[in-house]
Amino acid sequence: MKFRSLYIYIASLAVVALFNACRHDIDLEMDDTAGVLCVNAILTADTAENLIYVSKTVESSSQSGYYINYGKMNVNSTVSVYVNGTLTETVDNKSMIDNVSSMVHRIKTVFHEDDFVHIDVTTEDGQKASFEGVVPKHVANLNIDNVALALGKTYKNDRGHTETDNMFNVSLSFDDDGGDNFYTLAIGERDSTVSPVNGQLFGRLLSGRYYSVSWKSMSSMSFYVNDDEVANKDTVVTYAYETKPTFEYYSNGQPPLTDEEVQTSAADDDVALMNIHNVYKTFCNKRFAGSKCNLSVYSKFQLPITYECSYTDFDYAPYYYCYQTVVVSSISEDYYYYIKVLNTRSSDTYEDNSELTGPARIPSNITGGVGNIFLVTNTTATVQALNGWHPKRVDSPIYYDEGDYYYYGLR
Amino acid sequence: MKQNRFVVALAALSLVSGAMAQKKVTVSGHIVDETSKETIIGATVIEQSTKQGTVSNAFGFYSITLPAGSATLNYSYVGFDNQQHKLTLSRDTTINISLMSAAKLSEVTVTATKKDAGIHSTGMGSMDVPVQMIEHTPSLLGETDLIRTIQLTPGVQQGVGGASSFYVRGGNGDENLILLDGTPVYKIDHLFGFFSVFTPEAIKKVTFYKSSFPARYNGRTSSVVDIRTKDGDMQNYHGCVSIGLLTSRLNLEGPIVKDKTSFSVSARTTYFSAVARPFMSDDSKFSYWFYDLNAKLNHKFSDNDRIYFGLYNGQDKMADDYKDYDFQSQEFDPEKDATITHHIDEAYGSDLKWGNTISTLRWNHIFSQRLFANTTLSYNHYRMRLKSYDYFTYKDEDYYDRQSSSYHSEIIDKGGSIDFDYMPHPQHTIKFGASYLYHDFAPETSSSSVNMKNKESLPTDTSVTSTSKDIYAHELSLYAEDDWLIGDRVHVNPGFAFTIFSVQGKVYKNYQPRLSVRYVISDDWTAKAAYSQMAQCVHLLTSMPIAMPTDLWVPINKTLKPERAQQVSLGAYYTGVEDWEFSVEGFYKKLNNVIEYKDGMSFMGFSGSWSDLVAMGEGFSKGVEFLARKTIGKQTGWLSYTLSKTDRKFSRDSGVNNGERFPFTYDRRHNVNVVYSIKFNEKVELDASWMFYSGACATITNAQQQYIKPDGHIGYAPYVPSRNNYRLPCSHLLNLGINLHKRRKNYERIWNFSVYNAYNYMNPAFVYPKTDDSYNVIEGKLTKVTILPIIPSATLTYKF
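This text gives an overview of the structure that appears in the document. (Residues numbered from 1 in each chain as written. Chains lettered and ligands numbered in written order. Predicted model: local features only at pLDDT ≥ 70, side-chain atom pairs only at ≥ 80, totals over all residues. Heavy atoms only, no water.)

Re the overall build of chain B
The helix and strand inventory of chain B stands at four helices and 49 strands. When each of the 800 residues of chain B is scored for burial, the buried share is 56%. Within chain B, contacts between residues at least 6 apart in sequence are counted, and of these 65% link residues at least 24 apart. Working note: accessible area of chain B is about 32300 Å², and carbon and sulfur atoms make up 58% of it. (Helix = DSSP H or I, 4+ residues; strand = E, 2+ residues; numbered from the N terminus. Buried < 20%, exposed > 50% of the residue type's maximum accessible area, 1.4 Å probe, protein only. Contact = heavy atoms within 4.5 Å. Areas by Shrake-Rupley, 256 points an atom, 1.4 Å probe, with all protein chains shown as cover.)

Okay, here's the thing in structure tokens:
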């Protein structure tokens, strides 16, 4: 074989070998991790009912698409609750299936701060798990110091994109006792309208018309006025709407609320650009231990009522009230670190099936099993944030027209 | 009277003798290769009767202080004939030595005599890596490689198969200080880590330390690879040319002015793209290319002054371009109530470049017989640039969309150092010095532009540039060490290094004591012990198990502290069997502020601060290494076995394994290396190496669990008992190589045929859950990726 032919032959071998990064299937040989007892619960102090979820781990599998074999997660079990050494209730859940993947126990024991709680879980097939913990104390002197309306506030969302919204800037404070304390913060809103008030009715209901009033597009009331006795008279219509406090607000206040600690505003990293966002709004007291915590957050504000009206001459405009509620939850150290893991899982850079890193481990505080039971004590404060006359349709600067419907914004 | 005279004479003679016996004189000079006048590093000088000795330093200079009177000095170095000089010393003397290369010697690896054996040096966990050893390591794709040779030594773990990353005694891959003529090299690999940037032809000497680090080495915590390049032949011109399947190399050296000025140039390039081109489609164009260039100038002003200028420049470039002309896209137009066909030209591609430029200027000055100094100025520039583009043109429609982006990262180091060798006393060889390094880290600059035009609007041109701030750091080091001979049996090397690292307004001080002790039990037995503290202020963020150009070197900052390591080693050494050395070394290493990615996080696809992705914690590593080595004869080689265990542990708030201890990714319990070379005759040599590693670790799950969210809803997640809970299958591979020599008067031709992974075992580079065509996980199965199967290669070399 001539040299050139030999070279091409050998070169071909080398290139084929190099480009062929080989993939082979191998069996996954590892200890069986299916069938482990799993217990989860968030037990809130001072509430009449709490839920405990009991299930088992199951093999990852694929049948017609990626799904979890929920049926295999079910397990009948008995839960015993002890408070300060005393058995307070025993619940089995043979008939209490809340969803297809776990059994739910409804616990009626009311927990109070400083209670020592012990919970035993026993399954029908003899598996046992347990949990112990102390109910955290309430937060002292929680106060909403100020709620300021921030119209047209420009901010960067979690993806780093600039947005503009009407926001409430809620400033709050509370005292810390200097121990190892951990918290979460949730914000809620309650709105109500009363119309008319003291004769200051902008408009009157007219006979022969349909009216539909929506409350933040969540609920609406439609009514037809065909009674001359009702029409052209003052009519009191009251709506009330309340959102359960959530973590869906923006923590880019002063200082930014990150999960490490309440940071100063001089933090080098733009909170919005961080890959791991404090989705579940947890923080510790490292920076203010033993003193007062002052911080502010932003929650979106939306006009209480959107009108859907087929009549252009309708100037129905009630008087409204808007309340902001803050819930500071005292949580355990276990819960704090658990939430940090959930924040990581929520980030854009994380995926369970990453070929590079593998999945993140979810911590567990259950003895004899996996999962978590967390004891939480909520401290709530509410303050009226805003009140006033809803602007008349034609006066509203934020107004747009889509066909027959008219939408109003806040002046 | 006669008796008195006799007594007086005897007394006078005694006085004179006594005076002479107490007088010390110093013999110093340079040790060079007789043929090329290349300085020899680490040559041994021993006085035969007193057993006092020394070694030549990094510039071939030696100094030994002896009692005045008769002395017999033996000069030796592996691969060279010994020289013996009988002297009568009455005053300080300069003796320059030229050693003749023992080209006909059959040994191909270290150590000519027992006295030269590395086991008799004070330091432990260190070894010389001669060029011959590198050249006799079976090649991969025609390239022998320094780093692959180091990977064959005990205590050193390989990364994924064939890659140039290495992990020493439980340390991370970025904890190895790799010095090229005294300057740290940031990026040491080409082609995703399968070649290092070091060409064997440019190398003069390599010393590898994995413990007992001399105080002059600072900046990393696991190992030191001190590479010295050739200065250039002062007498004759010669060189070599190698042509391989994918790369070719050239080396030339020679005098510019004989005995005064010389040069050495080595270059390497690849024609990978040309080889792969026939296998690509016509409309795609992929190219990969790299080169290395080493150049050195060496000028001798006098016996006391010498200046060197060295330059390394290397670059990789990978580009791909695709064109798809006149492809058709159909769209329903509601205005026309018809389907219209767009004729589109598209071109897209990317261009990735990365490389190092390192230049050093050094001045050697001999102040006296006992004091030698080297002053160095250095410049080090690492850069990486990625560009990509995607152009759409709608033909006949006056519409185009052109997008492009770029990403750029670089490091520039500028510094200087001064190092002294001071030999004030026969029992002491003192080294001390200082260095300053100015770092400019520019981690990320990215920009993008969009250039559009459609029929309804004028052309738009939008550009966005985002630049992370440069990070400036100052690094100052001071050190002192003493090689101290206590009697005939005890040799102690105490040392101390003090470093200051200043970054972002924060100043970190690191105190690093070092101590090595050697005790000669008998002619055949030696015991050693060592303790060292090391500190590290820069880290490498990696994204893949293989080296990627996007791997990022970053400095510590206000929140991430210097990594620190403490290591204790004990060893016993035996040379009672002729031509053989046996050793056992045990070590325990503790790392503080070691960095790991948080659970589930990696560098890929992230934005924002890198320090958001990592956490600091502790590392623990312990092990024992056994080595049996034959260094002389036609057959040479070694067998080594390492048993080790390496863990990591981070705090609960770190986001790493919930604060519980877990095995390090490269915690490979067992490691066996067998290296064998045989020289059949002057024409034929055979080399073989076999490696075995226990499997590395990965985080794998095969189950799902429920978890509860703070809003009370239930979620589902993989159930992971612990990080790195799974052991990959073990790895082993056999490499073979044969050299066929043909020597003529003016040249030597060498054919090398090698096979990497000769029995084609599919070693796991990494594994991940197997998925079906719809990307759903398949229960109980993993996909194992092997990067390098069996690879034959051939290289033709001419030496002239």
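Observations concerning the overall build of chain A
Helix and strand content of chain A: three helices and 24 strands. Sequence separation of 24 or more characterises 70% of the internal contacts of chain A that already satisfy a separation of 6 or more. Looking at chain A as shown, the accessible area adds up to about 19100 Å², and 46% of this sits on carbon and sulfur atoms.

Brief notes about the sheet that holds strand β6 (residues 83-89) of chain B
All names here are of chain B. Taken in spatial order, the four strands line up as β3-β2-β5-β6 in an open sheet, and their pairing is antiparallel. Of all the strands in the sheet, just β3 (53-55) and β6 have a single pairing partner and so form its edges. Going across the sheet, the axis of each strand differs from the next one's by a mean of 20°, ignoring polarity. Across four bridges, the pairing between strand β2 (residues 44-47) and strand β5 (residues 69-76) is antiparallel. Across the sheet, residue Ile 46 finds its bridge partner in β5, namely Asn 74. (Pairing = 2+ DSSP bridges. Axes fitted to C-alpha atoms, helices over the stretch in contact; angles between N-to-C directions.)

A few points about the sheet that holds strand β47 (residues 766-771) of chain B
Strand pairing in a sheet is mediated by backbone hydrogen bonds. Such pairs are either parallel or antiparallel. Spatial ordering of the open sheet is given by β1(A)-β48(B)-β47(B), a layout of three strands whose pairing is antiparallel. In this open sheet, the two strands that pair with only one neighbour each are β1 (22-27) of chain A together with β47 of chain B. Taken pair by pair, the neighbouring strands of this sheet meet at an average axis angle of 40°, ignoring direction. Of the pairings in the sheet, the one linking β47 of chain B to strand β48 (residues 777-786) of chain B comprises five bridges and is antiparallel in character. Within β48 of chain B, the position partnered with Tyr 768 of chain B by the bridge is Thr 783 of chain B.

A closer look at the pairing of β5 of chain B
All names here are of chain B. Counted residue by residue, β5 has six buried out of eight residues, so it is predominantly covered. The pairing of β5 with β6 spans seven bridges and is antiparallel. Counterpart to Gly 69 in the pairing with β6 is Leu 89. Between the antiparallel neighbours β5 and β6 lie six residues, among them Gly 79 with a positive phi of about 85°.

Some details on the environment of Cys 38 of chain A
Tracing the backbone through its elements, the reader meets Cys 38 of chain A in strand β2 (residues 37-44). A C-alpha to C-alpha distance of 8.1 Å links Cys 38 of chain A and Ile 366 of chain A, two positions 328 residues apart in sequence. Residues in contact with Cys 38 of chain A, not counting those within four places in the same chain, are Tyr 53, Val 54, Ser 55, Lys 56, Val 370 and Gly 371 of chain A together with Gln 705 and Gln 706 of chain B.

Overview of the nonpolar core
Counting residues in hydrophobic clusters, the biggest one holds 82 residues, and the most contacted among them are Val 129, Leu 146, Phe 166, Phe 198, Phe 208, Val 225 and Ile 227 of chain B. Filtering out sequence-adjacent residues up to four positions away, Val 129 of chain B remains in contact with Ile 134, Leu 146, Thr 149, Ile 150, Val 206 and Phe 208 of chain B. Formed by 26 residues, the second largest nonpolar core is a distinct cluster that contains Val 170, Tyr 183, Leu 257 and Cys 322 of chain A. (Core = buried A, V, L, I, M, F, W, Y, C linked by side-chain atoms within 4.5 Å.)

Concerning unusual backbone geometry
Residues and elements named next belong to chain B. With a phi angle near 65°, Asp 259 is a residue other than glycine that sits in the positive phi range. Within the element layout of this structure, Asp 259 appears in the loop between β19 (247-257) and β20 (261-270). A residue is classified by how much of its surface remains accessible, and Asp 259, at 40% relative accessible area, is partly exposed. Unlike most non-glycine residues, Asn 657 shows phi in positive territory, near 55°. Taking relative accessible area as the criterion, Asn 657 reaches 0% and is therefore assigned buried.

Details of the pattern of salt bridges
All names here are of chain B. Scanning the entire structure with this criterion turns up 39 salt bridges over all chains. The partner of Lys 317 in a salt bridge is Asp 351, with the nearest N and O atoms 3.6 Å apart. Here Asp 351 lies in strand β23 (residues 338-366) and Lys 317 lies in strand β22 (residues 305-333), a separation of 34 residues in the sequence. On the basis of relative accessible area, Lys 317 is assigned to the partly exposed category, the value being 27%. Residue classification places Asp 351 among the buried positions, given a relative accessible area of 17%. (Salt bridge = Lys/Arg side-chain N within 4 Å of Asp/Glu carboxyl O.)

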